[in-house]
Every structure is written in structure tokens, then in C-alpha cells.
Amino acid sequence: MNPAEKSGPTDWRAPSITFAACLEVAGRWWVVAMCGLLLLAALLLSLQRSQAQELREARLEIALQGIKERLETSLALGFELIDSQQAQALLEDLLSDDPSLLSAEVFDANALSLFNTDRGAIGDRVPSNWLTASARSQSARGRGESGSIAAASWSVANEDGFTLGLPIRGPFGEIAGHISITSPNPPSPSPWYLLGVTLAGGLCVSAACLLLAVWLLRGLARLRDNAAMEQAALRLRSTEARMEAGLEALKRNEDDH
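Residues numbered from 1 in each chain as written. Predicted model: local features only at pLDDT ≥ 70, side-chain atom pairs only at ≥ 80, totals over all residues. Heavy atoms only, no water.

## Side note on the pattern of salt bridges
At step 1: Scanning all chains against the criterion turns up three salt bridges.
At step 2: Arg 59 is the salt-bridge partner of Asp 98, the closest N and O atoms lying 2.8 Å from each other. Of this pair, Asp 98 sits in the loop between helix H3 (87-97) and strand S1 (103-108) while Arg 59 sits in helix H2 (residues 19-76), and the two are 39 residues apart along the sequence.
At step 3: Classification of Asp 98 as buried rests on a relative accessible area of 13%.
At step 4: Given the relative accessible area of 41%, Arg 59 is considered partly exposed.
At step 5: Linking Glu 92 and Arg 119 is a salt bridge whose minimum nitrogen-to-oxygen distance equals 2.6 Å. (Salt bridge = Lys/Arg side-chain N within 4 Å of Asp/Glu carboxyl O. Helix = DSSP H or I, 4+ residues; strand = E, 2+ residues; numbered from the N terminus. Buried < 20%, exposed > 50% of the residue type's maximum accessible area, 1.4 Å probe, protein only.)

So this is what it looks like as C-alpha cells:
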């Protein structure tokens, strides 16, 4: 008789549910969930930064648009851009209303600064990358990519700050110059709140995976209990059959004698 047949139902012990077993069952799901959570946090942080930049640009463009319209009204009356009596005052008022701005200026079609909050820079040429950005913006508008005011705006970003500009058009639609604002780069939004939410989410995911693992292992334990009971019942029936066969054999022996 094989050792398995000698053992009874009392020899089997239910599997113990340990922390290591839980990690083994739920580990893959936990890794997938945590990777998804971290990816979502990175996407939200990037979106938060881009929205902050877009809001800053929109506010600057609104301020530029107000001055641009006044200067274009002056051009429509027959004045030259360099002869504007209010351009310098408008630029200085803009900086006084928003002290965070670094500078504002108006330059002509030849890229010479006509009005500037830094009076020492009046008459100087503007940076070449400004001209490149404005030319690219006008080229995109000329191809019909967008006919909105936003399409005519141009921007240049560097380590020192962010410059946003709009073209100033004469009465016949020609570009008489540009108006620009330079502001410091917006500070990066604090990641601590998002990191805290991510950490709390990670803890919740970990707890959920752990509870799922315990539930699955308890179900497995019940299945193994049922399997053990069925095996014990099968052994019991086999034993009863052998006992009946033995009793019949004894009766036959007695009858023969």
C-alpha cells in the first residue's frame, strides 16, 4: 500500500495565508497599478506646468493687444510709428501695473527699438531670434494655418525670460513694427501636493492589492479544503469496499468449511 493511502484526512493541513503569499499573488497587479499611477502623476505635473505657461501668455497677449490697438489707431490717422506721442507712456504704465515684467518695447520694421522701458536701449537692434520668430509667425499666417490674432503673435523663450510680441499694422495692412513684452519665466508649480496625492494613492492601491490577495488566497484555501474532503471520502469508500470484500471472502471460507 502506498504511503498516500495510509495517511488519513487528519494528516492534511490547510494552507496558511502569509504576507509573502499575498505579495506573490498580487505583486504583478501592484506593479502595473503603481506604474500607471506614477505615469498619471507625471502627466498631470506636465499639464499643470503647460497650463501655467498658457495662462501667463494669454494675460500678456491681452495687455499687448490693448497697446497695439491704440498704436494702430494712431497710424490710421496718418502718423508714423516713431512719432507716436503715447507709446512710451503706455509701455511704462504697463510695467507699473505689473512689476513682475522685465521690459516692454516697440520696434519698427527695420528691427530698431523706437520705444523701450529701458531708455538706454532705444535705437538698438532687437535680438535676431525675435525677428526669426516674428517672420515664422507671419509665414504661418500667410499659409492660412490660422487667421486669428493668436496666429500673428510670436514668442521667444530662453533662460533669462519669455518674450511675447505682436505685429503693429498700418492702415493698409502692412507691418509697421512690433510690440513686445519680456517677462521672467513662470515658476514651476510646486510638486509637493501632487506627490502627496500620488503617495496616498499608492498606499490605497497597495492596500487594495493586499486585500485582493487575501481574498484570492482564502478562496484557494476553500478549494483545497473541498479537494481534501473529496479525497478523504474517496479513500473512505475505497476502504469500505475492501472491508466488504474481506467480509465476503471470510463468509465464503466459513461456508466452504
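## Quick word on the side chain of Ser 153
At step 1: Assignment of secondary structure puts Ser 153 in the loop between helix H5 (149-152) and strand S3 (154-157).
At step 2: Each residue touching Ser 153, except ones within four places of it in the same chain, is listed here: Glu 61, Ser 137, Leu 164, Gly 165 and Leu 166. (Contact = heavy atoms within 4.5 Å.)

## Looking at the sheet that holds S3
At step 1: Pairing in this open sheet of five strands is antiparallel, and the strands run S2-S1-S5-S4-S3 from one edge to the other. Strands with a single pairing partner mark the edges of an open sheet, and in this sheet they are strand S2 (113-116) and S3. In this sheet, neighbouring strand axes are inclined to one another by 20° on average, regardless of whether the strands run parallel or antiparallel.
At step 2: Across eight bridges, strand S4 (residues 162-169) lies against strand S5 (residues 175-183) in antiparallel orientation. (Pairing = 2+ DSSP bridges. Axes fitted to C-alpha atoms, helices over the stretch in contact; angles between N-to-C directions.)

## Topic: the pairing of S1
At step 1: Where burial is concerned, most of S1 is hidden: six out of the six residues are buried.
At step 2: Judged by which residues are buried, S1 turns out to be covered on both faces: Ser 103, Glu 105 and Phe 107 on one side and Ala 104, Val 106 and Asp 108 on the other are all buried.
At step 3: Where S1 lies against S5, six bridges are found, and the strand directions are antiparallel. The partner of Ala 104 across the bridge, within S5, is Ile 181.
At step 4: In this structure, the hairpin formed by S1 and S2 is closed by a connection of four residues, where Ala 111 is found at a positive phi of approximately 70°.

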